[in-house]
Amino acid sequence: MPLITLYQCLREAEKGGYGVGAFNVNNMEQIQGIMQAARQTRSPVILQASRGALKYTNLTYLKHLLQAALEENPDIPVVFHLDHGDSLETVKTAISLGFSSVMIDGSHLEFEQNVALTRSVVEYAHERGVSVEAELGTLGGIEEDVAGKVKLTDPVQAEEFVRRTGCDALAVAIGTSHGAYKFKAEPKLALDLVPEIYRRVRVPLVMHGSSSVPQELVEEVNRYGGRMAGSRGVPIESIQQAIKLGVRKINVDTDIRLAVTAAVRKVFVESPEKFDPREYLGPAREAIARVVASRMEAFGAAGHAGDYAPVPLEEMRAHYRQK
Ligand SMILES: O=C(CO)COP(=O)(O)O
Ligand SMILES: O=C[C@H](O)COP(=O)(O)O
Ligand SMILES: [Zn+2]
Ligand SMILES: [Zn+2]
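All figures in this text were calculated on a predicted structure; none of them were measured in a lab.

Caption draft 1: Just the site of ligand 2, in detail. In the vicinity of ligand 2, the residues found are Asn24, Ser50, Asp83, His84, His178, Asp253 and Arg257. Within the side chain of His84, one N or O atom sits 3.4 Å away from an oxygen atom of ligand 2. Protein chains bury 66% of the 300 Å² of accessible surface belonging to ligand 2 in isolation. Here the residues of the shell around ligand 2 are counted per class, giving no nonpolar, 4 polar and 3 charged.

Printed below as a string of structure tokens:
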């Protein structure tokens, strides 16, 4: 199987009532670890690359590593997705590498500029059968919103945004943020916004900044010489609740970073004589597979890989042309 689009993936997830994890990739071990988890749990999966990832991998390596993931996993439906695209140029680059989905993040622009940028990307991508995720609102904690620093997604504005742009999925700001330090105290999300937004936009919703920052991984990092005091993530139960309310794509990067760092630090401290990279990157890859598999189970995607009859990009292109 098959490369599938985000459109197909999230519609299928909607039918099944589950969420699909979107995991960030930058190198071979990350891609292998995530695909291992997808195989073990029989889950559909979204592999996403940020602009930083495109730069780090110099494009050609990324393109071929992603192709290898498809070739090696014929039974797993996979989406290749651009994470936080900033311009039509970046979108074009990702599509030229074979991505089936792109995010255009105009969330930091004025509403009208966000609509215009997103609309231009939708026109370009849909003409090629490629799906588009857009974003409205800015990530950050509820407290910061009260202080006026972030802007939670406004349901009425979201309705207009989706209608005018024609995007396939919408990333919403409900109190999550990127990284390992999401909340100063107890985690607080504006989950009540989710059903209201979903009812109005009628496209699958996306939750960025959804790492759970497992305390056992943080403790392991710290035990082996790291310094990550005060890190806090989104509780798994909150994500599960969000999935029930209409969130279908859940972005996870930080948890993978933590798994890698804990595993590598452990080998360095426990076996200082080791200097073969395979002896620490191998355990890192295993640690990625573990954390990703547990997310796939928790989001309810496990066991659903076989549900998909892949719709090729040409067919998606025809679908968009009829609209
Ligand atoms: O949203 C993300 C990527 O777009 C990742 O979020 P985390 O930092 O919570 O893993
Ligand atoms: O949203 C951010 C992702 O975690 C990717 O991070 P990055 O831009 O450092 O690659
Ligand atoms: Zn953003
Ligand atoms: Zn993000």
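Caption draft 2: Structural view of the sheet that holds strand 5 (residues 131–136). Read around the closed barrel, 8 strands run 1-2-3-4-5-6-7-8, paired in parallel fashion. Ignoring which end each strand starts from, the neighbouring axes of this sheet average 25 degrees apart. As judged from the 4 bridges shared by strand 4 (residues 101–104) and strand 5, these two strands associate in the parallel manner. Residue pairing across strands places Ser101 opposite Ser131, the latter belonging to strand 5.

Caption draft 3: View of the site of ligand 1. Around ligand 1 lies a shell of 15 residues, among which Asp83, Lys182, Ser211, Asp253 and Thr254 are the nearest. In the environment of ligand 1, an oxygen atom lies 3.2 Å from a nitrogen or oxygen atom belonging to the backbone of Ser210. Asp253 is positioned such that a nitrogen or oxygen atom in its backbone is 2.6 Å from an oxygen atom of ligand 1. When ligand 1 is considered free in solution it has 310 Å² of accessible area, and contact with the protein chains removes 96% of it. Elements with a minimum of two residues in the shell around ligand 1: strand 3 (78–85) and strand 8 (247–252). Residues of the shell around ligand 1, tallied by class, amount to 1 nonpolar, 11 polar and 3 charged.

Caption draft 4: Molecular detail of the side chain of Ser231. Relative to the helices and strands, Ser231 resides in the loop between helix 10 (215–223) and helix 11 (236–245). A relative accessible area of 5% means that Ser231 is categorised as buried. A distance of 3.0 Å separates the side chain of Ser231 from the backbone oxygen of Met228, its partner in a polar contact.

About the thresholds
Residues numbered from 1 in each chain as written. Chains lettered and ligands numbered in written order. Predicted model: local features only at pLDDT ≥ 70, side-chain atom pairs only at ≥ 80, totals over all residues. Heavy atoms only, no water. Near = heavy atom within 4 Å. Polar contact = N/O pair within 3.5 Å; in protein donor to acceptor, adjacent residues only side chain to side chain. Areas by Shrake-Rupley, 256 points an atom, 1.4 Å probe, with all protein chains shown as cover. Nonpolar A, V, L, I, M, F, W, Y, C, P; charged D, E, K, R; others polar. Pairing = 2+ DSSP bridges. Helix = DSSP H or I, 4+ residues; strand = E, 2+ residues; numbered from the N terminus. Axes fitted to C-alpha atoms, helices over the stretch in contact; angles between N-to-C directions. Buried < 20%, exposed > 50% of the residue type's maximum accessible area, 1.4 Å probe, protein only.

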